[in-house]
Amino acid sequence: IADVDVQFFRDGLALVQTVTNINGHYEQAVPPGEGDTTVVFSHPAYLPHALDFVLPPTEEKVLPDVYLSPLPTVAGYVFSEETELPLEQAKVQIFQGGAWIETVYTNSEGYFEAVDLELQPGEAQVFAEKKCYVPATWTYVIEEHEDPPEAMLYLPDVATEIRTPKDLSNITYCARETGLSW
């Protein structure tokens, strides 16, 4: 990977910095000294990576190999639970640890895709909603070095979820919007 920023730190203080070449290689002389050394690799399209090690007290060229993971892509489909037809322009939001990450909308096939997301390994949630449908959530487990599988979200029609007379005012509107009749 070209243009990866490579920064060397010793005991928390910045020592030197370089950038990888077009072949993804770098070479950097590190000033002599004792203490724990950390190398941080960063690039806008990849998850950052840090490598800790102890250098001998003499100046050496350090060339540890590192594999960077691309930022994850979260993708999937949103369908009507009743008709199993795709839902166009459904709002899809991605969250991790309770924090909002990204919002996208589905296309005419009900497909959505959010690329280069700054997600860490662990759980992330996809929340889909559309007027006249009950929202749904899909939980992903984000693995390092892998994109998560495609989400398949099925939203129930709001008419199937009516609980109180207060909700009745929405039925006519949603029937008009979705073309439903009963």
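Residues numbered from 1 in each chain as written. Predicted model: local features only at pLDDT ≥ 70, side-chain atom pairs only at ≥ 80, totals over all residues. Heavy atoms only, no water.

Caption draft 1: Just the overall build of the chain, in detail. When its secondary structure is counted, the chain shows one helix and 13 strands. Starting at the N terminus, the α and β elements of the chain follow one another as β-β-β-β-β-β-β-β-β-β-β-β-β-α. Within the span of the chain, comprising 182 residues, buried residues form 34% of the whole. Accessible area for the chain stands at about 10800 Å²; split by element, carbon and sulfur atoms hold 52% of it. (Helix = DSSP H or I, 4+ residues; strand = E, 2+ residues; numbered from the N terminus. Buried < 20%, exposed > 50% of the residue type's maximum accessible area, 1.4 Å probe, protein only. Areas by Shrake-Rupley, 256 points an atom, 1.4 Å probe, with all protein chains shown as cover.)

Caption draft 2: Spotlight on the sheet that holds strand 10 (residues 111-114). Strand order in this open sheet of three strands is 10-7-13, and the pairing throughout is mixed. Edge strands, defined here as strands with exactly one partner in the open sheet, are strand 10 and strand 13 (151-155). Going across the sheet, the axis of each strand differs from the next one's by a mean of 25 degrees, ignoring polarity. As defined by bridge partners, strand 7 (residues 74-80) adjoins strand 10 across four bridges and the pair is classed as antiparallel. Across the sheet, A75 pairs through a bridge with E113, a residue of strand 10. (Pairing = 2+ DSSP bridges. Axes fitted to C-alpha atoms, helices over the stretch in contact; angles between N-to-C directions.)

Caption draft 3: Examining unusual backbone geometry more closely. Despite not being glycine, E84 shows a phi value in the positive range, around 60 degrees. With respect to the secondary-structure elements, E84 resides in the loop between strand 7 and strand 8 (91-96). By relative accessible area, E84 is classed as exposed at 56%. In this structure, Q89 takes a positive phi of about 60 degrees despite not being glycine. Q89 gets classed as partly exposed once you look at its relative accessible area, which sits at 48%.

Caption draft 4: Just the confidence of the model for the chain, in detail. The predicted model of the chain averages 80 in pLDDT, with 78% of residues at 70 or higher. Of all the helices and strands in the chain, helix 1 (residues 168-178) carries the lowest mean pLDDT, 54, while strand 8 carries the highest, 94. (pLDDT = per-residue confidence, 0-100.)

Caption draft 5: Molecular detail of the nonpolar core. Grouped together as the largest cluster of nonpolar side chains are 22 residues, with contacts concentrated most on V74, V78, F112, V126 and L153. If you list the elements that add at least two residues to this core, you get strand 7, strand 8, strand 10, strand 11 (122-129), strand 12 (136-142) and strand 13. Those residues in contact with V126, other than ones at most four positions away along the chain, are V74, V92, Q93, I94, F112, A136, T137, W138, Y140 and L153. Counting 10 residues, the second-largest nonpolar core is a separate cluster that includes V4, F8, Y26 and V39. (Core = buried A, V, L, I, M, F, W, Y, C linked by side-chain atoms within 4.5 Å. Contact = heavy atoms within 4.5 Å.)

Caption draft 6: Fine view of the sheet that holds strand 8. As summarised here, the arrangement of the four strands in space is 9-8-11-12, forming an open sheet in which the pairing is antiparallel. Because the sheet does not close on itself, it has two edges, and the strands there are strand 9 (99-105) and strand 12. On average, each strand axis in the sheet is inclined to that of its neighbour by 20 degrees, with strand direction left out of account. Alignment of strand 8 against strand 11, held across five bridges, turns out to be antiparallel. The residue bridging K91 from the neighbouring strand is E129, located in strand 11.

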